[in-house]
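What follows is the residue order along each chain.
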Amino acid sequence: MVKLNTAENSLKKNLKVPFFFAKREHKVLKKELVQSISKSFLHGQTLQGPEVNILENKMAKFIGKKYAIAVGSCTDALFFSLKALGIGKGDEVIVTSYSYLASATCILRCGAKPVFVDVDLNGNMNLKEIKTKVRKKTKAIIYVHLYGYFQNIDALKKIIKNKKIFLIEDFAQSFGASRKKIRAGSIGKISCTSFDPTKVISAPGSGGMAFTDDKELRDKIIKLRYHGKSNNGDHDYLGMNSQLSSMVAASLLVKMKKVRVNQIKRILIAKKYINGLRGLDIELPPLYTNGQHIYHKFVIRAKRRNALSNYLKHKGIECLIHYKKSLPELTIFKKSRSAACFKRYKKFF
Ligand SMILES: Cc1ncc(COP(=O)(O)O)c(C=O)c1O
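Computed from a prediction, not measured in an experiment: that's the story for all the values here. (Residues numbered from 1 in each chain as written. Predicted model: local features only at pLDDT ≥ 70, side-chain atom pairs only at ≥ 80, totals over all residues. Heavy atoms only, no water.)

Student: Teacher, can you tell me more about the packing of aromatic side chains here?
Tutor: Aromatic ring pairs are described here by two measures, namely the spacing of the ring centres and the angle between the planes. What the rule picks out here adds up to 11 aromatic pairs. For the ring pair F171 and F175, a centre distance of 6.1 Å and an interplane angle of 15 degrees mean the geometry is stacked. Measuring from centroid to centroid gives 6.3 Å for Y295 and F298, while their planes differ by 35 degrees, and the two rings are tilted. Judged by its relative accessible area of 25%, F298 is partly exposed. Here the aromatic residues F62, F171, F175, F195 and F211 are joined through ring pairs into a cluster of three or more. Geometry around F62 places R183 over its ring, the cationic atom sitting 3.9 Å from the centre. (Phe/Tyr/Trp six-rings, centres within 6.5 Å; stacked < 30°, edge-to-face > 60°. Buried < 20%, exposed > 50% of the residue type's maximum accessible area, 1.4 Å probe, protein only. Lys NZ or Arg CZ within 6 Å of the ring centre and 35° of its normal.)

Here is the structure:
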């Protein structure tokens, strides 16, 4: 055990390319970040202060939606979206079987049933299979733009056309990706993104945002994020405490200015990798230089995955497996098939 730790430690020391490296970005932006954050301290409104409103307006405009609602995380934004759409017990929500678990735990949390759909080789939900999963009980589809890739989902729009099925986009990994001038996050009835420290725009802490064109939904999500508080000071809705701090918003405002430049840099680096690694016995991500893939994750598929991972580690290049298990394999979703689990969740919501 001690030996293993020592080996791990020495590997960490020799790390030339760490997987997460917000430190470098913070060093580059230090002056602007300190200035912006200091301002947010001076007015004293530490939660939901003016920076949060400014951020919401800027982000809504950037994505191409009327409203943006800042919340504590994308996990919350997804849950609030389902609640605001009235989804609950007896309903089914179609979701990918391959993503970060928050893309689907929101469904359990509101008492509905996740219906998992397998993925294509690019990691995104298989559009043809979705069709076979739509039933009377289907109330929504959560589409995840995984790894930074904004797939053409016109076929999905056709499937739900003239049906009362809401499309929710989870673009936690694809902020800024676009296809034919349409941005990820601009298609869904509600779309949700994340500012978790590992994401495209990383917060010094947690943060998320929901986007919609529907004022009624926006008002509901605003209530859900703060204990169902209405304008007259009453609380008429069971909500949570999921506010964004002004300090986080202040730093996100600085980072937002760099989105396009960083995106171009990532695409150029991805292009270098793709061209340089071509011909090896591995599957590389597709090359898009037009912004349809922003390479939030540069995912390689390899038959000898563990050997490759160890080789890279010894070269000082950290890599992780995204994801080790599919969602239906996780205990939380296995359990959810039993009524007992729904009862447990019902106690909370
Ligand atoms: C696809 C996806 N959805 C949702 C989330 C949850 O985001 P947050 O950490 O802001 O709750 C993540 C975060 O890793 C994610 O990758």
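Student: Looking at this structure, how should I read helix α5 (residues 74-84)?
Tutor: One full turn of an α-helix is made of 3.6 residues, so residues set three or four places apart face in the same direction. Extensive coverage of α5 is indicated by the burial of 9 of its 11 residues. Residues of α5 that are buried: C74, D76, A77, L78, F79, F80, S81, L82 and A84. Between a side-chain oxygen at the N-terminus of α5 and the backbone nitrogen of T75 the separation is 3.4 Å; the capping residue is S73. Taken from the residues just after α5, G86 is the one with a positive phi, measuring 80 degrees. (Helix = DSSP H or I, 4+ residues; strand = E, 2+ residues; numbered from the N terminus. Polar contact = N/O pair within 3.5 Å; in protein donor to acceptor, adjacent residues only side chain to side chain.)

Student: Explanation requested: the side chain of N126 in the structure shown.
Tutor: Here N126 is to be found in the loop between β3 (113-117) and α7 (127-133). A distance of 2.9 Å separates a polar atom in the side chain of N126 from the backbone nitrogen of K128. If we skip the residues at most four places from it in the chain, N126 touches V117, D118, V119 and D120. (Contact = heavy atoms within 4.5 Å.)

Student: Sorry, what's going on with the nonpolar core here?
Tutor: Nonpolar side chains in soluble globular proteins tend to end up buried together. L82, I87, V93, I107, I142, I168 and I221 are the most contacted members of the largest nonpolar core, which totals 38 residues. Counting residues per element, the ones that place at least two in this core are β1 (67-71), α5, β2 (92-96), α6 (102-109), β4 (138-144), β5 (166-170), β8 (190-194) and α9 (215-225). Counting residues per element, this core draws most heavily on α5, at 7 residues. Other than its neighbours up to four places away in sequence, I87 contacts L82, V93, C110, A112, K139 and A140. (Core = buried A, V, L, I, M, F, W, Y, C linked by side-chain atoms within 4.5 Å.)

Student: Looking at this structure, how should I read the pattern of salt bridges?
Tutor: A side chain with one charge can pair with a side chain of the opposite charge if their charged atoms come near. Scanning the entire structure with this criterion turns up 15 salt bridges. We note a salt bridge from D91 to K139, for which the minimum N-O separation is 3.3 Å. With D91 in the loop between α5 and β2 and K139 in strand β4, the pair connects residues that are 48 residues apart, well separated along the chain. When its relative accessible area of 13% is taken as the criterion, D91 is described as buried. The partly exposed category is assigned to K139, whose relative accessible area is 29%. The residue D236 makes a salt bridge to K223 at a minimum N-O spacing of 2.6 Å. Taken as a pair, D236 in the loop between α9 and α10 (246-256) and K223 in helix α9 lie far apart in primary sequence, 13 residues in all. Look at the salt bridges and you will find they share partners, linking E32, K257 and K258 into a network. (Salt bridge = Lys/Arg side-chain N within 4 Å of Asp/Glu carboxyl O.)

Student: Got a minute to help me understand the packing of α5 against α6 in this structure?
Tutor: Contact pair α5 / α6: the axes reach a minimum separation of 9 Å and the direction vectors enclose 40 degrees. Relative to α6, the element α5 lies oblique. Our pair here, α5 against α6, has a crossing hand that is right-handed. Contacts between α5 and α6 involve T75, L78, F79 and L82 from the former and A102, S103, C106, I107 and R109 from the latter. (Axes fitted to C-alpha atoms, helices over the stretch in contact; angles between N-to-C directions. Parallel < 35°, antiparallel > 145°, perpendicular 65-115°, else oblique. Left-handed = near helix turned anticlockwise from the far one by under 90°.)

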